[in-house]
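# Geometric and topological summary
So you can see what is in the structure, the chains are spelled out below.
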Amino acid sequence: MSDDAVLHVRGRVLAGPEDVRDELWVVGGRVSYDRPAGARDITTVEGWALPGLVDAHCHVGLGTDGPVDADTAEKQALTDRERGTLLIRDAGSPSDTRWIDDREDLPKIIRAGRHIARTRRYIRNYAWEVEPEDLVAYVAREAERGDGWVKLVGDWIDRDLGDLSACWPREAAEAAIAEAHRLGARVTAHCFAESSLRDLVEAGIDCVEHATGLTDDLIPLFAERGVAIVPTLVNIATFPRLAAGGERRYPRWSAHMRRLHERRYDTVRGAHDAGIPVYVGTDAGGSLAHGLVAAEVAELVTAGIPPVQAVAAASWSARAWLGRPGLEEGAPADLVVYEADPRADVRVLAAPRRVVLNGRVVE
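### What to know about the packing of helix α2 (residues 135–145) against helix α3 (residues 170–182)
- Following both chains from N to C, one finds α2 and α3 inclined at 25°, their axes separated by 9 Å at the closest point. When the interaxial angle is binned, α2 and α3 end up roughly parallel. Like other packed secondary-structure pairs, α2 and α3 cross with a definite hand, here right-handed. Residue-level inspection shows L135, V136, V139 and A140 of α2 in contact with α3, the latter providing A172, A173, A175, A176, E179 and A180.
- The class makeup of the residues in the contact of α2 with α3 is nine nonpolar, no polar and one charged.

Structure below.
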């Protein structure tokens, strides 16, 4: 498309869960619901249009052994794009991916800087590994480096204990979260187990990743404080394999991981039913493939979240939570067009008909 070309999206435009329009126009890379006067170079796309999908837990620039080169990071971003993911909250990466911001053909990224973990309590080469007395300083550093988010590792296996345990004393977490908030950043944390959750929520955390340790007694606290969760169920599906691999050395940890996996759907459904905000994230990067947002939406439906709300968790509500527009008048034209209504069958999300990024058809 030329710079003065106009894209006409016709059919059903899902501007919101119940806000369905007949058409929209893309003029100068932005959404308009008014037909542009005198437009001649018009390309028409037909189908069901959604705002570009959101992966709220993704790692561009991260591989199994740590940071990857720019070519690999580009392939990761392109894989997400071709599946319709046009907005990514990068939940921790050791790579500098700022160059992606200059590429109008790649998804937009909201970064959380680099993970901050306790010494020898996370995957090698992924995180800054520090002790509690240095946590505030590293949070301040990553708050400046990120795009309004900081990522902590809230729990991990304690090899002496042989099981998951919290990484940070309550006082250190409180001071670190307060510093991030002072600098205008929100804080999220990787948490598999139960033990770290109460302290982190009462310390003021904004979001918890995975949240497999969320229990009935903690759900009201999350709901009262408005703490969001990003369950990453496509990642939690790997727990049985991880447990089998650690069975011999860490049987207690392996049994714990299996229990967390077995109740994963009940955990997510209980959170949703209590009013806890739930958003779609895949944990792509590291050992997990990119481009799995459709699979994660399907997992949320399997857990018992209604399809419309599962789609919202990867589109309208996720964008609002991250402070990015959807298909409002004048918004950047980032959208995905499907053959059928994804609210009726979320499996449609796995097969985009067209992907439009910054007003241009890219897939």
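### Overview of the environment of D80
- Along the chain, D80 falls in helix α1 (residues 70–82).
- In this structure the C-alpha to C-alpha distance between D80 and H290, which are 210 residues apart in sequence, comes to 5.8 Å.
- For D80, the contacting residues outside a window of four places in its chain are C58, V60, T85, I88, H290 and G291.

### Quick word on the environment of V227
- Mapped onto the elements, V227 comes out in the loop between α5 (219–225) and β16 (228–230).
- The exposure class of V227 is buried, given its relative accessible area of 1%.
- Setting aside residues no more than four positions away along its own chain, V227 makes contact with V201, I205, D206, C207, V208, F222, I276 and P277.

### Side note on the sheet that holds strand β20 (residues 360–361)
- The strand order β3-β2-β1-β4-β18-β19-β20 describes an open sheet built from seven strands, whose pairing is mixed. The sheet is open, and its two borders are formed by β3 (30–32) and β20, each paired with just one other strand.
- With three bridges connecting them, strand β18 (residues 335–338) and strand β19 (residues 354–357) associate as antiparallel partners. Of the residues in β19, the one forming a bridge with V336 is V355.

### Some remarks on the packing of aromatic side chains
- Within the structure shown, the criterion is met by seven aromatic pairs.
- Relative to W156, the ring of Y122 lies with its centre 4.8 Å away and its plane at 75°, an arrangement referred to as edge-to-face. Placement of Y122 in the loop between β9 (116–118) and β10 (128–130) and of W156 in strand β12 (residues 155–158) is noted, with a sequence separation of 34 residues between them. Both residues of the pair, Y122 and W156, belong to the buried class.
- Of the aromatic side chains, those joined through ring pairs into one cluster are Y122, Y126, W156, F192 and F239.
- Above the ring of Y33, the side-chain terminus of R21 is found at 4.2 Å from the ring centroid.

### Remarks on the pattern of salt bridges
- Following the criterion strictly, the structure yields 29 salt bridges and no others.
- Here E202 ties to R170 by a salt bridge, and the two come within 3.1 Å at their closest N and O atoms. Of this pair, E202 sits in helix α4 (residues 197–202) while R170 sits in helix α3; the two residues are 32 residues apart in sequence, bridging distant segments of the chain.
- A relative accessible area of 24% places R170 in the partly exposed class.
- The closest approach of N and O atoms between R198 and E202, which form a salt bridge, is 3.5 Å.

### Some thoughts on the packing of helix α9 (residues 264–273) against helix α10 (residues 293–303)
- Running from N to C, α9 and α10 cross one another at 85°; their axes reach a closest spacing of 8 Å. In this view, α9 runs roughly perpendicular relative to α10, as classed from their interaxial angle. Residues Y265, V268 and R269 of α9 pack against E299, L300, T302 and A303 of α10.
- For the contact of α9 with α10, a count of residues per class yields four nonpolar, one polar and two charged.

### Some words on a positive patch on the surface
- Together, R120, R124, R159, R248 and R249 line one region of the surface with positive charge.
- Residue position: R120 is located in the loop between β9 and β10.

### Looking at the nonpolar core
- Within the largest apolar cluster, 80 residues are counted, with the highest numbers of intra-cluster contacts made by L152, I205, F222 and L300.
- Those residues in contact with L152 that sit more than four places away from it in its chain are I116, L135, V139, W168, V187, T188, A189 and H190.
- Judged by nonpolar contacts, the second largest core, of 15 residues, contains L7, V13, V26 and V45.

### Re α2
- By the burial criterion, the buried members of α2 are L135, V139, A140, E142 and A143.
- On the buried face of α2, the contacting elements are β9, β10, β11 (149–153) and α3.

### Here's the deal with helix α8 (residues 251–262)
- The terminal C-alpha atoms of α8 lie 17 Å apart, and with twelve residues this matches the ideal 16 Å at 1.5 Å per residue to within 8%.
- Those residues of α8 not exposed but buried are W253, S254, H256, M257, L260 and H261. What you see down the axis of α8 is that its buried residues fit within an arc of 160°, all on one side.
- Tucked into the core, α8 has its buried residues touching β12, β13 (163–166), α6 (233–236), α7 (239–246) and α9.

### A few points about unusual backbone geometry
- With a phi angle near 60°, R120 is a residue other than glycine that sits in the positive phi range.
- Even without being glycine, H210 reaches a positive phi, approximately 75°.
- Along the chain, the position of H210 falls in strand β15 (residues 207–210).
- Residue class for H210 comes out buried when judged on its relative accessible area of 4%.

Cut-offs and rules
Residues numbered from 1 in each chain as written. Predicted model: local features only at pLDDT ≥ 70, side-chain atom pairs only at ≥ 80, totals over all residues. Heavy atoms only, no water. Axes fitted to C-alpha atoms, helices over the stretch in contact; angles between N-to-C directions. Helix = DSSP H or I, 4+ residues; strand = E, 2+ residues; numbered from the N terminus. Parallel < 35°, antiparallel > 145°, perpendicular 65-115°, else oblique. Left-handed = near helix turned anticlockwise from the far one by under 90°. Contact = heavy atoms within 4.5 Å. Nonpolar A, V, L, I, M, F, W, Y, C, P; charged D, E, K, R; others polar. Buried < 20%, exposed > 50% of the residue type's maximum accessible area, 1.4 Å probe, protein only. Pairing = 2+ DSSP bridges. Phe/Tyr/Trp six-rings, centres within 6.5 Å; stacked < 30°, edge-to-face > 60°. Lys NZ or Arg CZ within 6 Å of the ring centre and 35° of its normal. Salt bridge = Lys/Arg side-chain N within 4 Å of Asp/Glu carboxyl O. Patch = residues over 30% accessible without salt bridge, like charges linked within 9 Å, V, L, I, M, F, W, Y side chains within 5 Å. Areas by Shrake-Rupley, 256 points an atom, 1.4 Å probe, with all protein chains shown as cover. Lys, Arg positive; Asp, Glu negative; His and termini not counted. Charge placed at Lys NZ, Arg CZ, Asp CG, Glu CD. Core = buried A, V, L, I, M, F, W, Y, C linked by side-chain atoms within 4.5 Å. Expected span 1.5 Å × (residues − 1). Arc of directions from axis to C-beta.

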